Every structure is written in structure tokens, then in C-alpha cells.
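Summary of structural features
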Amino acid sequence: MLSVHLRLAEIFHINMTGPLTLEEAKELQYCLRENARYCWDCLMIDNQSRLASATNDHEWQLDLQRKLEVLRLTGRVPKN
């Protein structure tokens, strides 16, 4: 789990007890944006991995698995 996901859950629970402050609302938007990017990157790698599998490109598939692992640990897709 990324820290942004933990903070998103915290803000959700804060909001259950009352309205968010302006700062919390800004932080919520940031967390939602980062979560959407993270989901998009995961789906992109998954789709590429399916293509690598369909074309029997094992080297590409291994590279994509490495990228997915880095993404899950850091929240960012490595450039190479």
C-alpha cells in the first residue's frame, strides 16, 4: 500500500465525522489524482504484459513485471 492510499483512507474517515477543512479537501484532491494515476499505470502495464504474453516476448514480460514491482513499491513507473 502506498502512503497516498493510507492518507486517502484517513481523509475518508475524517469526512465521516464532519466536513473537511479547505486543506483536507485539497489533500483529498491530490490523493485522488495520485490514485487515478497509479491505477492507470497499473492497467497500462497489465495490458502491455498481456500483449507480451500473446507475442511470447518473455524479455519484455520480465521487464514489465519489474516495472510493476517498482510501481507498487514507489508509486512511480521507472523510465527504463
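Figured I'd write up the structure that's included with this text. (Residues numbered from 1 in each chain as written. Predicted model: local features only at pLDDT ≥ 70, side-chain atom pairs only at ≥ 80, totals over all residues. Heavy atoms only, no water.)

Take helix α2 (residues 22–54) next. Here α2 contains 33 residues, and its C-alpha end-to-end distance of 48 Å stays within 8% of the 48 Å for a straight helix at 1.5 Å per residue. Turning to α2, its buried residues are E24, C31, E34, Y38, D41, C42, I45, S49 and A52. Of the residues one or two after α2, N56 is the one with positive phi, at around 55 degrees. (Helix = DSSP H or I, 4+ residues; strand = E, 2+ residues; numbered from the N terminus. Expected span 1.5 Å × (residues − 1). Buried < 20%, exposed > 50% of the residue type's maximum accessible area, 1.4 Å probe, protein only.)

Below, the discussion takes up the nonpolar core. With twelve residues, the main nonpolar core is built from L2, V4, L8, I11, C31, Y38, C42, I45, A52, L64, L68 and L71. Elements supplying a minimum of two residues to this core: α1 (3–17), α2 and α3 (58–74). No other element matches α2, which puts five residues into this core. Dropping the residues within four chain positions of it, L71 is found in contact with L2, Y38, D41, C42, I45, R76 and V77. (Core = buried A, V, L, I, M, F, W, Y, C linked by side-chain atoms within 4.5 Å. Contact = heavy atoms within 4.5 Å.)

Turning our eyes to something else, we now look at the pattern of salt bridges. Within the structure shown, the criterion is met by eight salt bridges. Note that R7 and E27 form a salt bridge whose closest N and O atoms lie 2.8 Å from each other. With a gap of 20 residues between them, R7 in helix α1 and E27 in helix α2 connect regions that are remote in the sequence. Judged by relative accessible area, E27 falls into the partly exposed class, the value being 28%. (Salt bridge = Lys/Arg side-chain N within 4 Å of Asp/Glu carboxyl O.)

Below, the discussion takes up the packing of α1 against α2. With their axes 9 Å apart at the nearest point, α1 and α2 run at an angle of 140 degrees to one another. Taken together, α1 and α2 sit at an angle that is classed as oblique. As α1 runs across α2, the sense of the crossing is left-handed. Between α1 and α2, the residues in contact are V4, H5, R7, L8, I11 and I14 and E24, E27, L28, C31, L32, E34, N35 and Y38, respectively. Residues that form the contact of α1 with α2 fall into these classes: eight nonpolar, two polar and four charged. (Axes fitted to C-alpha atoms, helices over the stretch in contact; angles between N-to-C directions. Parallel < 35°, antiparallel > 145°, perpendicular 65-115°, else oblique. Left-handed = near helix turned anticlockwise from the far one by under 90°. Nonpolar A, V, L, I, M, F, W, Y, C, P; charged D, E, K, R; others polar.)

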